[in-house]
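Coordinates in review
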Amino acid sequence: MNFEEINGLILLDKSVGMTSFGADTKFKRLLQTKKVGHCGTLDPFATGVLPVCFGKGLRFVRYADKYDKAYFCKAVFGKTTDTLDIEGEVVSENIPSGEVLDSLVSSDYKLIRDAFEEISHITMQTPPKYSAKKINGQKAYELARKGIEVELKPNKVTIHKLDIIDISVVDGLIEVSFEVYCSKGTYIRTICDDVGKITDFGAFAKELRRIEVGPFDLSKTYTMEQIEEMASREDYSFILDASKIVDYMPVLKLNATAASMVKCGKKLNAKYFTEELESNEPGTLFRAMYEDKVIAVMYESFEDDKHVLRIERMLA
């Protein structure tokens, strides 16, 4: 099977310790292709949904960039680490004990609950210095490991929903399990750190699991071990069509003539798609389909008094 010619998508349940780029490397060897790339990097200590595209499926990666995501996280209060997660070095401690802990428990951890409520309304967030955020072409964590101090600018984020699942005392430390549904570019480690600052106890992320990426959730994923075992039997049912990535886009149904024009790189007269255009916002991307296949992503344009649909990316 020539995997370089396939519109391939694999939904990996990434394990602890594996890097996102390490997953790409494993798939390059497994599928015997150089064309592999993932959608949305996961930290090594994190697990969960990691969409990986290969072959011609790489053409769809860019359209997963704006996906919202959902995470399960377990935060530990009373300590902070330099990486804001369990893999970092402890840099401060303020473990609540005695009367402070008794007061927290008797109030059903109101201080902590209020801090999470405050964080759920943020609209700007500064990425952690140990992140893949690029600064002048270099990743922030690479600079941090060299001891180079950098100034990271806040990004616009949206917390759609944040729910506390459980709060308990484990080995003298307060652990909070929560789920968060958020926009791209939101760092869950930073949420833990910011809540820790609000409470004055400090906090870090002990566990992090991505449970959704856009339309994809854990129920559709396979572990690397499962994938390797299936591939050894030449069972490739774990491979999906990468065009599923653009399922969120409204459809432009093309007839044979329009499809032929698009395949030749030509614009389409928008008057034939009035209903689709009127029901969507300006700037919307559409998936142009012919015979149930996505052949291009297109957008509305006005040029020299002509209303047309232009090709944003050819996919046929």
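One can find the structure itself at the top, above this paragraph.
I will try to describe carefully the structure that is included in this document. Given the structure is predicted, the values throughout are model-derived calculations rather than measurements. (Residues numbered from 1 in each chain as written. Predicted model: local features only at pLDDT ≥ 70, side-chain atom pairs only at ≥ 80, totals over all residues. Heavy atoms only, no water.)

All of the buried residues along helix α7 (residues 256–263) are Ala-258, Ala-259 and Val-262. Within α7, the buried residues cover an arc of 100° as seen down the axis, which keeps them to one side. Along its buried surface, α7 packs onto β17 (268–269), β18 (285–290), β19 (293–303) and β20 (306–314). The positive-phi residue at the C-terminal boundary of α7 is Gly-265, with phi of around 85°. (Buried < 20%, exposed > 50% of the residue type's maximum accessible area, 1.4 Å probe, protein only. Helix = DSSP H or I, 4+ residues; strand = E, 2+ residues; numbered from the N terminus. Arc of directions from axis to C-beta. Contact = heavy atoms within 4.5 Å.)

Before going further, it helps to examine the nonpolar core. Among the nonpolar cores identified, the biggest contains 49 residues, and Phe-77, Ile-174, Phe-178, Val-180, Ile-188 and Ile-191 are the most heavily contacted of them. If we skip the residues at most four places from it in the chain, Ile-191 touches Ile-119, Gln-125, Ile-159, Leu-162, Phe-178, Val-180 and Thr-186. Grouped together as the second largest cluster of nonpolar side chains are 19 residues, Val-49, Tyr-67, Val-246 and Met-249 included. (Core = buried A, V, L, I, M, F, W, Y, C linked by side-chain atoms within 4.5 Å.)

Moving on: the state of the cysteines. What makes a disulfide is a covalent bond joining the sulfur atoms belonging to two cysteines. All chains considered together, the criterion is met by 0 disulfides. This cysteine, Cys-73, is not joined by any disulfide, and Cys-192 carries the nearest cysteine sulfur, 3.6 Å off. Cys-73 gets classed as buried once you look at its relative accessible area, which sits at 0%. (Disulfide = S-S within 2.5 Å.)

Let's shift gears to helix α6 (residues 224–232). Think of an α-helix as 3.6 residues a turn; residues three or four steps apart then line up on the same face. Within α6, burial applies to Met-224, Ile-227, Met-230 and Ala-231. Looking straight down α6, one finds its buried side chains confined to an arc of 130°; they lie on one side. Summarising the geometry of α6, the exposed residues directed more than 90 degrees from the buried face are Glu-225 and Ser-232. Among the structural elements, β1 (7–14) and α1 (20–31) are those in contact with the buried residues of α6. Glu-234, located one to two residues past α6, shows a positive phi value of around 55°.

Spatially, β16-β18-β19-β20-β17 is the arrangement adopted by the 5 strands of the open sheet, whose pairing is mixed. Whereas interior strands pair on both sides, the edge strands pair on one side only; in this sheet they are β16 (251–253) and β17. Across 3 bridges, β16 lies against β18 in parallel orientation. Along β18, the bridge assignment pairs Lys-253 with Met-289. Across the sheet, α7 is in contact with β17, β18, β19 and β20; its angle to β19 comes to roughly 80°. (Pairing = 2+ DSSP bridges. Axes fitted to C-alpha atoms, helices over the stretch in contact; angles between N-to-C directions.)

Within the structure shown, the criterion is met by 18 salt bridges. Residue Glu-207 pairs with Lys-74 through a salt bridge whose shortest N-O separation is 3.9 Å. Of this pair, Glu-207 sits in strand β13 (residues 203–213) while Lys-74 sits in strand β4 (residues 69–77); the two residues are 133 residues apart in sequence, bridging distant segments of the chain. Glu-207 gets classed as partly exposed once you look at its relative accessible area, which sits at 35%. With a relative accessible area of 19%, Lys-74 lands in the buried category. A salt bridge links Asp-235 to Arg-233, with the nearest nitrogen and oxygen atoms 3.7 Å apart. Each of Asp-43, Asp-85 and Arg-189 takes part in salt bridges that share partners, so that together they form one network. (Salt bridge = Lys/Arg side-chain N within 4 Å of Asp/Glu carboxyl O.)

Let us look at unusual backbone geometry. The phi dihedral of Leu-84 is positive, around 70°, even though this residue is not glycine. Relative to the helices and strands, Leu-84 resides in the loop between β5 (79–81) and β6 (90–93). One non-glycine residue, Tyr-109, lies in the positive phi region at around 60°. Among the structural elements, Tyr-109 can be located in the loop between α2 (98–106) and α3 (110–119).

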